[in-house]
Amino acid sequence: MSFLPPSPPDGHRIGTIALVGAGPGAADLLTLRALDRLRNADVVFYDRLVDPEVLVLTPARKVFVGKEVAANAWPQARINRVIVAAAMDGLRVVRLKSGDPSVFGRACEELEAARSFGIPVEIVPGITAASAAAASLGRPLTERGRTERLVLATATCRPGETANLSGAFVPGTTLALYMAMHRLSVVEAELLAAGAPGDCEVEFVQGAGTAGQRILTTTLRGMAAAATGLSNPAIILIRWPKTVDRMACAPALAETS
Ligand code: SAH
């Protein structure tokens, strides 16, 4: 680790760090535990996708750490450094992350940073974007007899690495794709080349659980072209049913914006 926050002086009480899931946006989708940690925090470090509706629930000092795909205003090491330094100052620190901190949230780095300084650290789970999208669609992520495997995957890996999405996409799968909007053509081509049927159902949910929510239903073949009007944050659900039958559980909303 490339930093050394000062050790607390003798008798100084060390603080705590909670990695808290803010859910998809709507404040009433927070857990009671998340609300408790927010109300009792001294400082909250939050990133771009956390909704203002959630931030007003905490009396703590709020610090925007501006993390954003492809434009890391705050590199991860700097975030690690500030949350550790605040906890070493005796503060109750909340690191507020959209959705669930355990899902594509760089939680591992922050847990390691906290533990390497002996700071008590916990994860407070939140509702991940895939679950919020299912609620928005009025359609479950898994359907008995059709899709009995749920894969959460990202299309955005470390620089130079590629996601092997087709390896996880077999009949009977719902593939929930995070951070994939900039790679739609690549994803579509990869899955089709690996043998996925072109008529696999695809649902885009942009801003799931927020006021600006938009839904688009389409098929795997042509999904990149169909989604040109959508932007981040959006999640993509791609379903390859085990059996070819009528849609077992049609979404309540076909296409809205
Ligand atoms: N920890 C988050 C994921 C962070 S990665 C979670 O559990 O949801 C960021 C990606 O999550 C975005 O690129 C997008 O794919 C997805 N995402 C986050 N919030 C979203 C929302 N409200 N609606 C749709 N997708 C969302």
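Refer to the structure above for everything that follows.
A brief look at the structure comes next. (Residues numbered from 1 in each chain as written. Predicted model: local features only at pLDDT ≥ 70, side-chain atom pairs only at ≥ 80, totals over all residues. Heavy atoms only, no water.)

1. A closer look at helix α4 (residues 107-116)
Where α4 is concerned, the buried positions are A107, E110, L111, A113 and A114. Buried residues of α4, seen end-on, are gathered within an arc of 160° and therefore sit on one face of the element. The inward-facing, buried residues of α4 contact β1 (16-21), α3 (76-88), β4 (92-97) and β5 (121-124). At the exit of α4 stands G118, carrying a positive phi of roughly 70°. (Buried < 20%, exposed > 50% of the residue type's maximum accessible area, 1.4 Å probe, protein only. Helix = DSSP H or I, 4+ residues; strand = E, 2+ residues; numbered from the N terminus. Arc of directions from axis to C-beta. Contact = heavy atoms within 4.5 Å.)

2. Concerning the sheet that holds strand β10 (residues 234-240)
A sheet is described by the order of its strands in space; here five strands give the open sequence β6-β7-β10-β8-β9, paired in mixed fashion. Only two strands of the sheet have a single neighbouring strand rather than two, namely β6 (149-154) and β9 (214-219). Each neighbouring strand pair of the sheet contributes to a mean axis angle of 20°, computed without reference to strand direction. Sheet topology places strand β8 (residues 201-206) next to β10; six bridges connect them, and they run antiparallel. Residue pairing across strands places Q206 opposite A234, the latter belonging to β10. The strands touched by helix α6 (residues 184-193) within the sheet are β7 (173-178), β8 and β10, with β10 carrying the most contacts at an inclination of about 10°. (Pairing = 2+ DSSP bridges. Axes fitted to C-alpha atoms, helices over the stretch in contact; angles between N-to-C directions.)

3. Remarks on helix α5 (residues 129-137)
Inspection of α5 places A130, A132, A133, A134, S136 and L137 among the buried residues, and these make up the whole buried set. In this fold, the buried residues of α5 make contact with β6, β7, β8, β9 and β10.

4. Considering the pattern of salt bridges
A full pass over the atoms with the stated rule returns 15 salt bridges. Its salt-bridge partner being R37, residue D36 comes within 2.6 Å of it at the nearest N-O pair. Take D36: its relative accessible area is 35%, and that puts it in the partly exposed class. Here E122 ties to R37 by a salt bridge, and the two come within 2.4 Å at their closest N and O atoms. Placement of the pair is E122 in strand β5 and R37 in helix α1 (residues 32-39), with a sequence separation of 85 residues. Under the relative-accessibility criterion, E122 is labelled partly exposed at 26%. What makes R37 partly exposed here is its relative accessible area of 24%. The network of salt bridges with shared partners includes R139, E143, R146, E201, E203 and R239. (Salt bridge = Lys/Arg side-chain N within 4 Å of Asp/Glu carboxyl O.)

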